[in-house]
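Now for the letters of each chain:
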Amino acid sequence: MSYSTKFSKDLLTWFDRHGRLNLPWQRSSDPYPVWVSEIMLQQTQVSTVIPFFEKFMATFPHLEDLANASLDEVLHLWTGLGYYARARNLHKTAQSIINDQQGIFPSNQESLIQLPGIGRSTAGAIAAISFHQQAAILDGNVKRVLSRCFAVPGWPGKKTVTDQLWQLAEVNTPSERVADYTQAIMDLGATICKKTSPACDSCPFQKSCIALQTATIDQYPGRKPKTARPTRSTCMLIIRNTKGAILLQRRTNEGLWGGLFSFPECREDELSAQLSALPGSTNYLAPFKHSFTHYDLLIQPILIELQGPIRQSQESETCWVSQFGKDKIGLTKPATQLLANLL
Ligand code: SF4
């Protein structure tokens, strides 16, 4: 038997004694269940995946069944598993293999990567487990094992670090028993080299693992650098006419609030020019923060009580509202809050 490295030899010796052999997707090396399980296992633990996998395979036992199902049926079975793009991609890929590739599953990593939702590591796992090709994997568990064993510094999300880990993954993937090796390294990461409190006493690498030998396990893998959450700011102009109606403006279709109605907005450095075109009194209301996923928006609302007519923008759709909730229009959340207080 030829192993590519001592690492793969030690891992396979451990796997023969301690590897998990009874997982439901290990009953066959058919690429269809292997693929479904690999997609379900992305960002999800084995114990969570097992009941979903069993139900999915009972409903769609063959690739054709999945391809012929409606997307609603697939999403229904995925409910509770999260990351629904995975289910949409599974469905799309099943249809593509049945309709465009005569129902034949691609058998190498390069062709597998071309399919929707299959990245390099998932492609490697299918190629290794189902087609016994010498293809490496690098999921979260494998990144942790390799970065600790070989003391690879830096956050694995960084390209230079990922490249180094891929190199190690490839060097250590054997040409023989590649399916067992692939299962073994995933098992080791999931059951022994865990994120917190790894069971180093039971690990086949306890003599060679650099992180253990140098008592630096907590430094590997490197943490994602903290980035300050950006804050943007805007001034919202709440323009109220002499009849008590407030002006709203439809936002362009792009962006997070695309197509919704809100107050006219401007930057702080544009404010005096904007206000000079609005005859009336101005009153600065209490500023507040609105949080989006990637940034905070600091909003300065300014109430303008008009004392005369204004020239309205021809570039955007506007409307005057005088009763809260009467008009059937979509409103941004800050606009809803401010209107509820003012009308
Ligand atoms: S010795 Fe400990 S830290 Fe090193 S690979 Fe094994 S379990 Fe992980």
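Criteria and thresholds
- Residues numbered from 1 in each chain as written.
- Predicted model: local features only at pLDDT ≥ 70, side-chain atom pairs only at ≥ 80, totals over all residues.
- Heavy atoms only, no water.
- Pairing = 2+ DSSP bridges.
- Helix = DSSP H or I, 4+ residues; strand = E, 2+ residues; numbered from the N terminus.
- Phe/Tyr/Trp six-rings, centres within 6.5 Å; stacked < 30°, edge-to-face > 60°.
- Buried < 20%, exposed > 50% of the residue type's maximum accessible area, 1.4 Å probe, protein only.
- Lys NZ or Arg CZ within 6 Å of the ring centre and 35° of its normal.
- Expected span 1.5 Å × (residues − 1).
- Domains from an automatic or database assignment.
- Contact = heavy atoms within 4.5 Å.
- Buried area = accessible area lost by both parts, 1.4 Å probe.
- Salt bridge = Lys/Arg side-chain N within 4 Å of Asp/Glu carboxyl O.
- Polar contact = N/O pair within 3.5 Å; in protein donor to acceptor, adjacent residues only side chain to side chain.

1. A look at the pairing of strand β2 (residues 246-250)
Inference 1: Where β2 meets strand β8 (residues 318-321), four bridges bridge the pair, whose relative direction is antiparallel. Bridged to Gln-249 within β8 is Thr-318.
Inference 2: By the bridge criterion, two bridges tie β2 to strand β3 (residues 261-262) in an arrangement that is antiparallel. Its bridge partner lying in β3, Arg-250 is registered against Phe-261.

2. Here we look at unusual backbone geometry
Inference 1: Here the bond from Tyr-220 into Pro-221 is cis, since omega is -10 degrees, no more than 30 degrees from zero.
Inference 2: Checked against the element boundaries, Pro-221 lands in the loop between α12 (210-213) and β1 (231-240).
Inference 3: In the Ramachandran plot, His-132 falls in the positive-phi region, its phi being about 55 degrees despite a non-glycine side chain.
Inference 4: Among the secondary structure elements, His-132 is positioned in the loop between α8 (120-131) and α9 (140-149).

3. Things to note about the packing of aromatic side chains
Inference 1: Scanning the entire structure with this criterion turns up eight aromatic pairs.
Inference 2: Relative to Phe-205, the ring of Phe-7 lies with its centre 4.3 Å away and its plane at 5 degrees, an arrangement referred to as stacked. In this pair, Phe-7 sits in helix α1 (residues 6-18) while Phe-205 sits in the loop between α11 (178-191) and α12, placing the two residues 198 residues apart along the sequence.
Inference 3: Overall, Phe-7 belongs to the buried group, its relative accessible area being 7%.
Inference 4: With a centroid separation of 5.3 Å and an interplanar angle of 80 degrees, the aromatic rings of Trp-25 and Phe-53 are classed as edge-to-face. Here Trp-25 is found in the loop between α1 and α2 (31-40), whereas its partner Phe-53 is found in helix α3 (residues 46-59), with 28 residues between them in sequence. Of the two residues examined, Trp-25 and Phe-53, each falls in the buried class.
Inference 5: Feature note: the residues Phe-7, Phe-150 and Phe-205 constitute an aromatic cluster, connected by ring pairs.
Inference 6: Across the ring face of Trp-166, the terminal group of Arg-120 is positioned such that the distance to the ring centre comes to 3.7 Å.
Inference 7: Of note, Arg-232 hangs over the ring of Tyr-295, and the distance from its end group to the ring centre comes to 3.8 Å.

4. Notes on helix α6 (residues 85-100)
Inference 1: Between the first and last C-alpha of α6 there are 21 Å, a value that for 16 residues agrees with the 22 Å anticipated at 1.5 Å per step.
Inference 2: Looking at α6, one finds that the buried residues are Arg-86, Ala-87, Leu-90, His-91, Thr-93, Ala-94, Ser-96 and Ile-97.
Inference 3: Positive phi appears at Gln-102, one or two residues downstream of α6, with a value of about 50 degrees.

5. Structural notes on the domain arrangement of the protein chain
How big an interface is tends to be stated in terms of accessible area lost as the parts join.
Inference 1: Looking at the assigned domains, one finds that the protein chain contains domain 1 (1-136), domain 2 (138-172 + 192-226) and domain 3 (231-342).
Inference 2: Distance between the C-alpha centres of domain 1 and domain 2: 24 Å.
Inference 3: Between domain 1 and domain 2, the residue contacts involve 10 residues of the former and 15 residues of the latter.
Inference 4: With both chains or domains summed, domain 1 and domain 2 bury close to 1,100 Å², and 66% of this area falls on carbon and sulfur atoms.
Inference 5: When the buried surface of domain 1 facing domain 2 is broken down by residue, Phe-7, Arg-120 and Ala-136 rank first, second and third, together holding 50% of it.
Inference 6: Inspection of the region where domain 1 meets domain 2 yields one salt bridge.
Inference 7: Linking domain 1 to domain 2 there are four residue pairs in polar contact (both at pLDDT 80 or more).
Inference 8: At the level of elements, α1 and α8 are the ones that each hand at least two residues to the side of domain 1 that touches domain 2.

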